[in-house]
Amino acid sequence: MKRFSAKVLCATIIFCAAANAVAERETIAIIGTGDMGDSFGQRFAALGYTVVYGSRTPDSDRVKAVVALTGHGATVTTQKEAARRGDIIFLPIGWPAMETAAQSLGNLDGKIVVDPSMPWTQGDDGYPESMLETSSAEMIQQWNPGAKVVKALGTMSSLLIDHPDTVDGPVTIPIASDDRAAKERIAQLIDEMGLDPVDFGPLRMARTIEVLQMIYLIPLMQRRSTEWEFVFRRNADWACKWGDDWSVDVFDADDLAQMPDKQKPPIPCQ
Ligand SMILES: NC(=O)c1ccc[n+]([C@@H]2O[C@H](COP(=O)([O-])OP(=O)(O)OC[C@H]3O[C@@H](n4cnc5c(N)ncnc54)[C@H](OP(=O)(O)O)[C@@H]3O)[C@@H](O)[C@H]2O)c1
């Protein structure tokens, strides 16, 4: 009979602990089963999270097909029940529907709520403009004061969630929240998705993020024959060029970037 050394036994215990950690991963509720919702669902389920979709029509054939495609034990229920079950709640819902949806999910106290939405409308001149004076994320926070709202994952298309490696190198995802721990948790999730999270500061910075998102709407509204993929990306060349000599005049506000960088160190300067 094979005898196991203490080292192998230890490795087995560590493996079991890791397997348990995966088994105990949070439940992610995805409210809305559209283009973004089903991309998030499939990605998180494949990463080992328990996915529960929240839909207005959980019994419809379309939604059942989304759940079947997601696999990995994903389920669907009503939006409110999914929010109750979720530890992390994603809101891939358009505006103005978000207004009612985000106020109808029950008690979200202590839960991380991720807002990837873009509250845009078409202005009189045909170009996109924000529907809000502040931001979608701040509105959601105002309606759910006990929740930990995070703005993230709306600055790229659903195609990049499905296939993060279709562009040449990791795409940076800006994150804003007033809750540091929630921001760090979502940064970890984004890292697991093969994307590159970056701390964009407090929740009010969602206003800037939501404007960034509108860039790729413009060719769409111009009815161009092709579409553009907008990607925000690190560039190590700036550090090579500037070294420690930051020529941009900014006052030192101390510890503005709360999260450590998750990406590997930049390639050495040429
Ligand atoms: N698609 C992208 O590539 C992309 C990229 C960046 C940001 N975004 C933003 O992400 C959000 C979702 O986009 P999407 O493309 O996934 O939209 P979508 O395909 O239209 O899906 C939105 C989903 O929201 C739910 N919904 C619709 N009306 C609702 C209402 N009145 N009350 C409650 N739920 C409602 C529906 O789910 P049920 O039918 O299951 O209820 C619907 O499938 C938008 O704010 C969009 O601007 C999208």
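Up top is the structure these notes are about.
Just so you know, these numbers come straight off a predicted model, no measurement behind them.

A.B. asks: Describe the environment of R85, naming the residues involved and giving the relevant values.
C.D. replies: Within the secondary structure, R85 sits in helix α4 (residues 79-85). Those residues in contact with R85 that lie beyond four places of it in its chain are T27, A29 and V52.

A.B. asks: Please provide a residue-by-residue account of the site of the ligand, values included.
C.D. replies: Neighbouring residues of the ligand: 23 residues in total, closest G32, G34, M36, S55 and S117. Among the secondary structure elements, those contributing two or more residues to the shell around the ligand are α2 (35-46) and α5 (97-101). For the shell around the ligand, the class distribution of residues is eight nonpolar, 13 polar and two charged.

A.B. asks: Describe the nonpolar core, and please don't skip the residues or the numbers.
C.D. replies: Within the largest apolar cluster, 57 residues are counted, with the highest numbers of intra-cluster contacts made by I31, I89, L91, V114 and I186. The biggest single contributor to this core is helix α8 (residues 180-192), with five residues. Among all residues touching I186, those that are not within four sequence positions of it are I112, V114, V150, A152 and I175.

A.B. asks: How would you summarise helix α9 (residues 206-213) if you had to cite specific residues and measurements?
C.D. replies: Buried residues of α9: A206, I209, E210 and Q213, and no others. Projected down its long axis, α9 shows its buried positions confined to an angular sector of 100°, all on one face. The inward-facing, buried residues of α9 abut β7 (128-130), α6 (136-143), β8 (148-151) and β9 (172-177).

A.B. asks: Quick rundown of the sheet that holds strand β2 (residues 50-54)? Include the residues and the values.
C.D. replies: In a beta sheet, neighbouring strands are held together by backbone hydrogen bonds and run either parallel or antiparallel to one another. The mixed open sheet is built from eight strands, whose spatial order is β3-β2-β1-β4-β5-β8-β9-β10. Each edge of the open sheet is held by one strand with a lone partner, namely β3 (75-77) and β10 (196-199). When the angles between neighbouring strand axes are averaged without regard to direction, this sheet yields 25°. Bridge count between β9 and β10: four bridges; the pairing is parallel. Counterpart to P174 in the pairing with β10 is V198.

What counts and what doesn't
- Residues numbered from 1 in each chain as written.
- Predicted model: local features only at pLDDT ≥ 70, side-chain atom pairs only at ≥ 80, totals over all residues.
- Helix = DSSP H or I, 4+ residues; strand = E, 2+ residues; numbered from the N terminus.
- Contact = placed C-beta atoms within 7 Å.
- Near = placed C-beta within 6 Å.
- Nonpolar A, V, L, I, M, F, W, Y, C, P; charged D, E, K, R; others polar.
- Core = buried A, V, L, I, M, F, W, Y, C linked by C-beta atoms within 7 Å.
- Buried ≥ 20, exposed ≤ 12 C-beta atoms within 10 Å, placed from the backbone.
- Arc of directions from axis to C-beta.
- Pairing = 2+ DSSP bridges.
- Axes fitted to C-alpha atoms, helices over the stretch in contact; angles between N-to-C directions.

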